[in-house]
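# Report on the structure
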Amino acid sequence: MSRFYVTTPIYYVNDEPHIGHAYTTVLADVLARFHRALGDKTYFLTGTDEHGQKVQQAAEKRGVDPQQHVDEYVLRFQEKWDALDIRYDQFIRTTQANHKAVVRHLLQLLWDKGLIYKDTYEGWYSVAEERFLTDKEYEEGDWRDVKQLSETNYWFKMSAYQEKLINYIHDNPDFIQPEFRKNEVLGFLRQELGDLCISRPKSRLSWGIELPFDSEYVTYVWFDALTNYISAIGYPDRDEEFKTWWPADVHLIGKDILTTHAVYWPTMLMAADLPLPKTIFAHGWWLMGDTKMSKSLGNVIRPLDLANEYGVDALRYFLMREMTPGQDASFSIEAFIGRYNSDLANDLGNLVNRITKLLGRNFDSILPDPGETSPEDADLIQHVNGLQERVRDELDQLKVNYAITHVFDVLREINRYLEETAPWKLLKTDKDRAGAVLYNAAEALRLSAVHLYPVMPDKIARLLEVMGTSAKARFGEPGWFEWGHVKSGTTLGQIDGLFPRIEVKEAPEETSVKLDLKPEISFDDFTKLDIRIVKIIKAEKHPNADKLLKLQVDLGAEQRQVIAGIADFYAPEDLVGKSVSIIANLKPAKIRGEISQGMILAAEDDVTVAPLTPLKDVKPGSKVR
RNA sequence: GGCAGGGUAGCUCAGUUGGUUAGAGCACCGGCUUCAUAAGCCGGGUGUCGGCGGUUCAAAUCCGCCCCCUGCUACCA
């Protein structure tokens, strides 16, 4: 028996729970349930990140205290996880007292070790973006509300750990998964690693954890959020508990927060002399941009609503079966229904039905005697007995989707076995043998289902009960994974419609696609735009950017230079002499070192970009209204 | 542009110490069956294994060049 500690990120409490949150959390739940079943000592942590400016602003807007705000908003996650049958061991919130104490302890520790220093940063600050800009960013980009700002903050000496971290990643090949993500992190670390700004003055951000060594500041996101992984399990006071669980076996994360978890967090742990998590696993995203989906239904599918319609377990199954962890996957209602019908209804549900009905009708649902093992019985038993190892091998690599396919291979094997032995015929000639066959089929089904329990806890629990396992028996009890655990003479149950087929209506050609319009504006707003027709007199590649063209355009009274991001679609020579429309009163900006005095108007779809051209020739400089 | 990964059946993908007729699931077609949820079982693919060239007795698998896609990164008025 070993030990398994799995975490999800803590989700930002202001966010609306969506399929990405749900996927990570269900994956963690499935892994945790598997490990519990296999007898491992298991801990599953999830929670919410509840500090920061957005919470502060949202609370102000609602006119409530930030704590009240997060107390209300956290329920959206907790209720969703309840609905999805998530069985975490702890739901941590960064506003809870013990977490805040641990964050302060950690900050004090690093301060005492001289790993945090105070420094004044002077430079460009974008008010709109709420962030400082590097000189390079300022020169090359277009930033609104930029001003020179000087601000004193506290910095963590992250740079001191660059070499150590690179070596650690090389020495621990499983540390960052999948492999290609590891390479990305190493690529990131080839550039010089800077120090990490970890504070904000209270004048700008008050909703946070106060620095223990300076009451004028709160800590900014990293030390607050990442520390949850250790504050939840006893660091530093409950040493025995902490040592039981840390280091974590796997931090599950989305690919968007790889750097914080694979760079910031490890260096923080190194600074505190703590071991690093064994694996950081970055999964992909669910792609929803499938136009086919929205067309066939005329609106946007909200995946989590499918749980209401077709059951929580069906959604959990789909999420786990359809995504190869690490890769992106695409979500469509067609794929969901396809999976449901062919796997859950046909292979599994129908098999349950044929076995339990044959037993009910002919043996009063009392499990018959297996008798002597024939060669075909032995084949079946062998398939089933190898299942646990195959499933476990996949799970050790977090390949839940492959684990599931192994189970369904066995279910198909059982269907074949029934076809070969045809117990419905044997009943007329050799009832004992028919009973033996049904014993074997039932036990094979039970053992297969056991391996699906972590994915579909509700449905499979009901099924296992029907298959002769006491309702009170806890998953993972001795013998569950062994052939013959349920003895002949046991009374089985009946179950109807475990996974009823989803009848697919003939999908009519949908015409309406929902428009995603920006908020309404007034006519005055419109008239602020000065749109003109210009003639392109010269076009060339931007010297310092692949996707940009540098255009000289004739506005009648004057000529201008305009930069346009259309190099992927047009060669410079295609454009010379053409008339296009531009916004002529847009504030000029420097794009990759070249001035741009206006913006070309162009239509864009998922195939190409098409600059807008007048139907008839008009003079350069003509107004567009 | 730099770095990384990929392009195999209609779809999603498996398949490298180079070696017999290149596989799975789904979809589709035909047959069998009718215990069962219009389910089950059996059978059905001449796929240029992205392209061209090379190494070899032998290449999806190794090498070179090229095309396309994805991710990270730079940039995207």
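For the structure, check the block above.
Rules behind the numbers
- Residues numbered from 1 in each chain as written.
- Chains lettered and ligands numbered in written order.
- Predicted model: local features only at pLDDT ≥ 70, side-chain atom pairs only at ≥ 80, totals over all residues.
- Heavy atoms only, no water.
- Helix = DSSP H or I, 4+ residues; strand = E, 2+ residues; numbered from the N terminus.
- Buried < 20%, exposed > 50% of the residue type's maximum accessible area, 1.4 Å probe, protein only.
- Contact = heavy atoms within 4.5 Å.
- Areas by Shrake-Rupley, 256 points an atom, 1.4 Å probe, with all protein chains shown as cover.
- Phe/Tyr/Trp six-rings, centres within 6.5 Å; stacked < 30°, edge-to-face > 60°.
- Core = buried A, V, L, I, M, F, W, Y, C linked by side-chain atoms within 4.5 Å.
- Pairing = 2+ DSSP bridges.
- Axes fitted to C-alpha atoms, helices over the stretch in contact; angles between N-to-C directions.
- Parallel < 35°, antiparallel > 145°, perpendicular 65-115°, else oblique.
- Nonpolar A, V, L, I, M, F, W, Y, C, P; charged D, E, K, R; others polar.

### Brief notes about the overall build of chain A
The helix and strand inventory of chain A stands at 23 helices and 25 strands. Counting over 625 residues, chain A shows a buried share of 50%. Contacts in chain A between residues far apart in sequence, at least 24 positions, make up 72% of those at least 6 positions apart. Here chain A displays about 30700 Å² of accessible surface, and carbon together with sulfur accounts for 48% of that area.

### Considerations on the packing of aromatic side chains
Throughout the structure, instances matching the rule amount to 30 aromatic pairs. Both rings, one in tryptophan 111 and one in tyrosine 154, keep their centres 5.7 Å apart while their planes meet at 70°; by these two values the pair is edge-to-face. Of the two residues, tryptophan 111 is situated in helix H4 (residues 97–112) and tyrosine 154 in strand E6 (residues 146–156); the sequence distance between them amounts to 43 residues. The class of tyrosine 154 is buried, set by a relative accessible area of 3%. Ring centres of tryptophan 286 and phenylalanine 331 lie 5.8 Å apart, and the angle between their planes is 70°; on these two criteria the pair is classed as edge-to-face. One end of the pair, tryptophan 286, is in strand E14 (residues 286–287); the other, phenylalanine 331, is in the loop between strand E15 (329–330) and helix H15 (333–363), and 45 residues separate them in sequence.

### Examining the nonpolar core
Here is a general trend for soluble globular proteins: nonpolar side chains tend to be buried in one another's company. Ranked by size, the top nonpolar core spans 101 residues in total, and within it Met320, Leu348 and Ile414 carry the most contacts. Looking at this core, the element that brings in the most residues is H15, giving 13 residues. Other than its neighbours up to four places away in sequence, leucine 348 contacts Asp343, Phe408, Leu411, Leu445, Leu452, Met456, Ile460, Leu463 and Phe499. Counting residues in hydrophobic clusters, the runner-up holds 59 residues, among them Leu45, Leu106, Leu115 and Trp222.

### Things to note about the pairing of strand E19 (residues 579–583)
Among the five residues in E19, five count as buried, and that is most of the element. Every second residue of E19 is oriented toward a common face, with Ser579, Ser581 and Ile583 on one face and Val580 and Ile582 on the other, all of them buried. Here five bridges tie strand E16 (residues 531–541) to E19, and the two strands are oriented antiparallel to one another. Bridge pairing in E19 links isoleucine 533 to serine 581. As paired elements, E19 and strand E22 (residues 599–600) share two bridges and run antiparallel to each other.

### Regarding the packing of helix H6 (residues 162–171) against helix H11 (residues 258–271)
For the pair H6 and H11, the least separation of the axes is 10 Å and the interaxial angle reads 110°. Considering the angle they form, H6 stands roughly perpendicular to H11. Contacts between H6 and H11 involve Lys164, Leu165 and Tyr168 from the former and Ala262, Val263, Pro266, Thr267 and Met270 from the latter. Classifying every residue of the contact of H6 with H11 by side-chain character gives six nonpolar, one polar and one charged.

Treat this as a map of the structure, not an account of what it does.
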